[in-house]
Amino acid sequence: MSGADTLLAYEADYEGLLLRRLVPSQFTQTPRLIALWKGLAAAFQAAEDELFDLHVSTGLDLATGAALDQWAELVGEERGALDDTWLRQFIRARILANLSTSSEDELINIYATLTAGSARCITYYPACFSLFTVRGSYMPADIRRRVARFMNEIKPAGIEMVLSEAVSGFQGFAGDPTSGVLGIALLARHVRAE
């Protein structure tokens, strides 16, 4: 197990732990020694509480505000006008992009992460592909433009990329169980940087 896979367990009762494990039985009736152990346990408990809170609150899943800004700076993603929820998605996508070789599967995964939807890819040989995502609602215009800029930065050179988004019940292809009924279904729209 690597260090990154190590699970941390919070110890909520250092006093009880120390008294059970460290105090020899013949000294359990000595008030001064018990007071010393309790004092040490209180110091350990305070350190445990602070360090565990720091660990939990600065992890990407729970980080907010300045802690999330540090994550963004670390991976090379600007906050701009993004709220914490959208910034967290862009940070996750930037991590994937920083490790990416721009393979089709990686681009699908990055686009799905950015848009918080289910992404798919259609390849048009020899040098074009289309990524589309299906979401619960359309992305706001500023987010849509930022997603397009992000994806244009990481797409393979010399290959045309078309991005689009649709909402559930969209007008899709025959045989697609997620598409809506012809004539009344919603149309997909392009995701562009303009």
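In this text, all values refer to a predicted model and were calculated from it rather than measured experimentally. (Residues numbered from 1 in each chain as written. Predicted model: local features only at pLDDT ≥ 70, side-chain atom pairs only at ≥ 80, totals over all residues. Heavy atoms only, no water.)

1. Structural notes on the environment of G65
Tracing the chain through its elements places G65 in helix 3 (residues 65–75). Taking relative accessible area as the criterion, G65 reaches 26% and is therefore assigned partly exposed. Along the chain, G65 and D83 lie 18 residues apart, while their C-alpha atoms are 8.9 Å from each other. (Helix = DSSP H or I, 4+ residues; strand = E, 2+ residues; numbered from the N terminus. Buried < 20%, exposed > 50% of the residue type's maximum accessible area, 1.4 Å probe, protein only.)

2. Comments concerning helix 3
Regarding helix 3, the residues found buried are A67, L68, A72 and V75. Down the axis of helix 3, the sector holding all buried residues measures 145°, keeping them to one side. Summarising the geometry of helix 3, the exposed residues directed more than 90 degrees from the buried face are A66, Q70, E73 and L74. G76, located one to two residues past helix 3, shows a positive phi value of around 90°. (Arc of directions from axis to C-beta.)

3. Points about the packing of aromatic side chains
Under the counting rule described, the total for this entry stands at two aromatic pairs. Consider the rings of Y14 and F44, whose centres lie 6.0 Å apart with planes at 40°: the pair is tilted. Note that Y14 is positioned in helix 1 (residues 14–21) and F44 in helix 2 (residues 31–58), a separation of 30 residues in sequence. Judged by centre distance (6.0 Å) and plane angle (70°), the ring pair of F90 and F150 falls under edge-to-face. On the criterion of sequence distance, the pair formed by F90 in helix 4 (residues 84–98) and F150 in helix 6 (residues 141–154) is long-range, its members being 60 residues apart. According to the relative accessible area criterion, F90 is buried, its value standing at 0%. Geometry around F90 places R146 over its ring, the cationic atom sitting 4.8 Å from the centre. (Phe/Tyr/Trp six-rings, centres within 6.5 Å; stacked < 30°, edge-to-face > 60°. Lys NZ or Arg CZ within 6 Å of the ring centre and 35° of its normal.)

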